[in-house]
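# Structure assessment
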Amino acid sequence: MTEKLIIKWYGHSCFSVSYDGYTLVLDPYEDNRIPGLPSLRLRAHGVLCSHDHYDHNNRSVVEILPFEGARPFNIKKVDCFHDSVGGKNRGKCTIHILSAGGLKVAHFGDIGCELTAKQLDVIGLIDVAMLPVGGHYTVEPLEAQALGDMTAAKIIIPMHYRTDKFGFAEVAHINEYIAISDDCEFYESNEFILTEETPSQTAILQYNP
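Calculation notes
- Residues numbered from 1 in each chain as written.
- Predicted model: local features only at pLDDT ≥ 70, side-chain atom pairs only at ≥ 80, totals over all residues.
- Heavy atoms only, no water.
- Helix = DSSP H or I, 4+ residues; strand = E, 2+ residues; numbered from the N terminus.
- Rg over C-alpha atoms; globule rule 2.2 N^0.38 Å.
- Contact = heavy atoms within 4.5 Å.
- Phe/Tyr/Trp six-rings, centres within 6.5 Å; stacked < 30°, edge-to-face > 60°.
- Buried < 20%, exposed > 50% of the residue type's maximum accessible area, 1.4 Å probe, protein only.
- Pairing = 2+ DSSP bridges.
- Axes fitted to C-alpha atoms, helices over the stretch in contact; angles between N-to-C directions.
- Core = buried A, V, L, I, M, F, W, Y, C linked by side-chain atoms within 4.5 Å.

### Let's talk about the overall build of the protein
Scanning the protein from terminus to terminus reveals three helices and 14 strands. For the protein, the C-alpha radius of gyration of 16 Å lies close to 17 Å, the compact-globule estimate for 209 residues. Judged by the C-alpha coordinates and their principal axes, the protein covers about 45 × 35 × 35 Å. For the protein, the share of sequence-separated contacts (at least 6 apart) that also reach a separation of at least 24 residues comes to 56%.

### Quick word on the packing of aromatic side chains
Under the criterion given, the structure shown has eleven aromatic pairs. Arranged with centres 6.4 Å apart and planes meeting at 65°, the rings of tryptophan 9 and tyrosine 207 form a pair that is edge-to-face. A residue pair is termed long-range when its members are at least 10 positions apart, and tryptophan 9 in strand 1 (residues 5–9) and tyrosine 207 in the segment after strand 14 (201–204) qualify at 198 residues. No difference in accessibility class separates tryptophan 9 from tyrosine 207, as the two residues are buried. Taking the centre distance of 5.6 Å and the plane angle of 70° together, the rings of tyrosine 187 and phenylalanine 192 count as edge-to-face.

### Observations concerning the sheet that holds strand 1
Strand order across the open sheet formed by five strands is 5-3-2-1-13, with mixed pairing between neighbours. Two strands close off the open sheet at either side, each with one partner strand: strand 5 (46–48) and strand 13 (191–194). If you compare each strand with its neighbour and ignore which way they point, the axes differ by 20° on average. Across four bridges, the pairing between strand 1 and strand 13 is antiparallel. Each residue of the ladder has a partner; that of isoleucine 6, found in strand 13, is isoleucine 193.

### Quick word on the sheet that holds strand 7 (residues 74–81)
Reading across the sheet, the seven strands line up as 7-8-9-10-11-14-12 and stay open at both edges, with mixed pairing between neighbours. Edge positions in the open sheet fall to strand 7 and strand 12 (184–186), since each of these has one partner strand only. Within this sheet the neighbouring strands show an average axis-to-axis angle of 25°, counted without direction. As judged from the three bridges shared by strand 12 and strand 14, these two strands associate in the parallel manner.

### Digging into unusual backbone geometry
Of note in the backbone geometry, aspartate 27 takes a positive phi value of approximately 55° without being a glycine. On the secondary structure map, aspartate 27 appears in the loop between strand 3 (22–26) and strand 4 (42–44). Assessed through its relative accessible area of 0%, aspartate 27 is described here as buried. Phi angles above zero are rare outside glycine, and histidine 136 is one such case at about 70°. If you trace the backbone, histidine 136 turns up in the loop between strand 10 (128–132) and helix 2 (141–151).

### Comments concerning the nonpolar core
Among the nonpolar cores identified, the biggest contains 64 residues, and Ile7, Ile95, Phe108 and Ile157 are the most heavily contacted of them. Counting residues per element, this core draws most heavily on strand 8 (residues 92–100), which supplies five residues. Ignoring sequence-local partners within four residues, the contact set of isoleucine 157 consists of Ile7, Phe15, Val128, Ala129, Met130, Leu131, Phe192, Ala203 and Leu205.

### Some words on the environment of aspartate 110
As for its position among the elements, aspartate 110 is in the loop between strand 9 (103–107) and helix 1 (117–123). Overall, aspartate 110 belongs to the buried group, its relative accessible area being 1%. Taking the C-alpha atoms as reference, aspartate 110 lies 13 Å from asparagine 89; in sequence the two are 21 residues apart. If sequence neighbours within four positions are ignored, aspartate 110 has contacts with Ser13, Ser50, His51, Asp55, His56, Phe81, His82, Cys93, Tyr137, Thr138 and His160.

The following block contains the structure:
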């Protein structure tokens, strides 16, 4: 049986990652704080937040479900900075690396800095990088592209950007990142299924609130 991992995007930087019946939610945002996005009401077996800013830390909107047996995910955490000046402006941020069934994904939160060789070594080879690409609060589109190259991620899923329907006005529109990416695959839904056979790509998911 082919192992598969299911990633769903709920706008901004909020995702769920599921494997073998177990689901984690990452970076849920607070109600009525991000223009164009509805309130979240999710169900999962756990919640991970990259930092405690309101658009990433609303654990209360996730109903925690019981789970029998061992958690399938191995979770690593790598500390980084929310800005390019050692956290002086916006503090620290956590990269979460989730591994299950030989598949490995990383959620980069609101990273705003370059990664050191030591950090890259801890992250290791990853199948999917969920990367902020909107700039202003995080790395800019070109910086995000360079970061994706540094991690050698097979698949990039952009996040933390603006569309015509939602997002902070001060961050870059997704079209700015698409314009510098030559391997975009456009999806009709917010769901991405990862297997060992999934080809390299920049996956542009669609969320229609």
